[in-house]
Structure formats: C-alpha cells, structure tokens
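Structural overview for review
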Amino acid sequence: MSASTSDRTKGTRGCGRAFERGKAFIPFVTCGDPDMETTERLVRAMIDAGADLVELGIPFSDPTAEGPTIMEADVRALASGTTTDDVFALVERLRRDYDTPLVFMTYANVIFSRGIEAFAARAGEVGVDGIILPDVPFEEREEFAVPFAAHGVELVSMIAPTSEDRIRMIAAQAKGFIYCVSSLGVTGVRSAITTDIGGMVELVRSVTDVPVAVGFGISTPEQAAHMAALSDGAIVGSAIVRMVDAGGDDMVGRVADYVRQMKAAVG
C-alpha cells in the first residue's frame, strides 16, 4: 500500500488502477461526518479492508444528487466546520501511506468557489485521481475535464437509465471509469434494482474498454455481487454513511468488516 510517492511519480496515477485486480469494490464516505479525524480512520480502515478505490464526498449545502442519508451527513459535516482545505489535507496525509485511487465527489459550486484552475491544481498536487460532479451535464464537461486533466485528475463520466442513446457518446469520451447510476432518483439504499444494467454496460463496451462500476441503491453483498457480475465493480455510499451515523465505539471496525464482506462478494 505504501511507497505512494515513488509510484505516483512513475506515472501510475489514474482511477483505472482500481480495476487491475479484477472487480472493484468502491466505498463512499462523507468527509467530516462526524469529524475529519473519524473520516481519516474510516478511509484507512476501508483501504486496509480491501477497498479498490475510495470516493471522498466533499460536503456541500445543496447536494442535489443525494438522498436524505447522505444529505444529512453533509449537514453534519458542514456543522462540524469541515472545509475543502480539510479534505485536501486529508488526501495529503493518506498519500504518505497509500497509493489506492482516491476520487472526490462534489458539486460544481464547490469548484467555482475556489476557481476551476486553482481547485484542479490543488487536487493534482495532493494526489487525487479523479472527480465526480453529478450536477455537471455531459455538454458542459469540457469546462472541467480539460483543466483537471492538465493536473492528472480524471473527470469521471456518469450514465443513468435516462441516458439511453447518449450512453455511447458519453462512454466514448470517458476516462478512468464510468459511474453507472443503477436507478432513477437520488442516492439511497433500495430493496431491489430493476434497471437493465447489463444492457447499459453492453452499450458502453461497444465503444470503449473503460471500466464500468455501478452505484446508487446497493447495500447488501448479494446486490454487490449481482451488479459486479454485470459490470466491473460496485459502489456503496448510503449504507456506509448510515453505519457512520449510527456511531458506537466499534463503528470503524464494523465499517471495515462490511467493506471486507463487500469486496469478497464482488470477487
């Protein structure tokens, strides 16, 4: 896991590294919920438990893609005083020990508040591999993709059930990995996922070999195994955020056990 500095200077950056060991398990955590010290313990525990890539949510006051669980986590993180600079500093510390791919998930206004070029430069400097911006439509991606790419940070493309005939177009320009949204609506645990994920992945693979990971609604090892069988990996956010919110002395250990189970499930 270590020797990140030497590896990264050898050009080994990029989200695609998450899929080099086969199917990927990708956990999400809201940074600063309930505080940054706990977030750092969680990320380290998740990587040690086998996470192939970690999504770091930068809290935002209007997270439009998020359901109540992650939205409330954003509120708690902001109330605890978490800033974007705190998240950059977290990545800087993690990079001393880990080369596991790290991706920010946030919103365009968080980027605009610092300036796209300045944000991208700092993200590249601390060692972030990619960024997910769910409120930036495909037609406006170049405004972000170009400056971030200049600093070695990949803008992760998202496809949804409503993307339909745009899936091939989006996939053709994708870098790192493609985030396949499993269900309509916002993030959150779902009892069943009925979208034709296999059909969406087939469309992607007709134009690119960039890996596809499925997120939104996955919470059980069975769901993760099923989604990973249809794609290249599974992403879980709300189920982990719920465990963090529940707290308890052994919370970090329980999250690590959960990540270990989910990684085993995706194979």
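Residues numbered from 1 in each chain as written. Predicted model: local features only at pLDDT ≥ 70, side-chain atom pairs only at ≥ 80, totals over all residues. Heavy atoms only, no water.

Here we come to the overall build of the protein chain. Along the backbone of the protein chain there are 12 helices and 9 strands. In terms of C-alpha radius of gyration, the protein chain reaches 17 Å, essentially the compact-globule figure of 18 Å for 267 residues. In terms of its C-alpha atoms, the protein chain occupies a principal-axis envelope of roughly 45 × 40 × 35 Å. Every one of the 267 residues in the protein chain was classed for burial, and the buried ones make up 57%. The contacts in the protein chain between residues at least 6 apart in sequence include a share of 75% that link residues at least 24 apart. When the accessible surface of the protein chain is summed, it comes to about 10,700 Å², and 51% of that surface belongs to carbon and sulfur atoms. For the protein chain, the distance from the average site of its 24 positive side-chain charges to the average site of its 38 negative ones is 5 Å. (Helix = DSSP H or I, 4+ residues; strand = E, 2+ residues; numbered from the N terminus. Rg over C-alpha atoms; globule rule 2.2 N^0.38 Å. Buried < 20%, exposed > 50% of the residue type's maximum accessible area, 1.4 Å probe, protein only. Contact = heavy atoms within 4.5 Å. Areas by Shrake-Rupley, 256 points an atom, 1.4 Å probe, with all protein chains shown as cover. Lys, Arg positive; Asp, Glu negative; His and termini not counted. Charge placed at Lys NZ, Arg CZ, Asp CG, Glu CD.)

Let us look at the side chain of lysine 263. Counting through the fold element by element, lysine 263 comes out in helix 12 (residues 251–266). There is a polar contact of 2.8 Å between the side chain of lysine 263 and the side chain of aspartate 52. When sequence neighbours within four positions are dropped, the list of residues in contact with lysine 263 reads Arg21, Lys23, Ala24, Phe25, Gly50 and Asp52. (Polar contact = N/O pair within 3.5 Å; in protein donor to acceptor, adjacent residues only side chain to side chain.)

If you check which residues of helix 7 (residues 142–150) are buried, you get Phe144, Ala145, Pro147 and Phe148. Looking at the buried positions of helix 7, the neighbouring elements they touch are helix 5 (108–114), helix 6 (116–126), strand 4 (130–132) and strand 5 (154–155). Remark: glycine 152 follows helix 7 within two positions and exhibits a positive phi of approximately 80 degrees.

For the structure on display, the rule yields 17 salt bridges. Of the charged contacts, one joins glutamate 92 and arginine 122 as a salt bridge, the two residues approaching to 3.3 Å between their closest N and O atoms. Note that glutamate 92 is positioned in helix 4 (residues 84–94) and arginine 122 in helix 6, a separation of 30 residues in sequence. Salt-bridge contacts for arginine 122 lead to glutamate 125; the nearest nitrogen and oxygen are separated by 2.6 Å. Placement of the pair is arginine 122 and glutamate 125 together in helix 6, with a separation of 3 residues, close to one helical turn. (Salt bridge = Lys/Arg side-chain N within 4 Å of Asp/Glu carboxyl O.)

For the rest of this paragraph, the subject is unusual backbone geometry. Cis geometry is adopted by the peptide bond preceding proline 34, which originates at aspartate 33 and carries an omega value of 0 degrees. Summarising the element assignment, proline 34 is placed in the loop between strand 1 (24–30) and helix 2 (36–48). Positive phi, normally seen in glycine, also occurs at phenylalanine 216, with a value near 80 degrees. Residue position: phenylalanine 216 is located in the loop between strand 8 (212–215) and helix 10 (221–230). The class of phenylalanine 216 is buried, set by a relative accessible area of 7%.

Core analysis: the biggest nonpolar cluster contains 75 residues, and Met46, Leu56, Phe104, Phe119, Ile131, Phe144 and Phe148 have the highest contact counts within it. Leu53, Tyr179, Val181 and Ile235 belong to the second largest nonpolar core, which has 21 residues in total. (Core = buried A, V, L, I, M, F, W, Y, C linked by side-chain atoms within 4.5 Å.)

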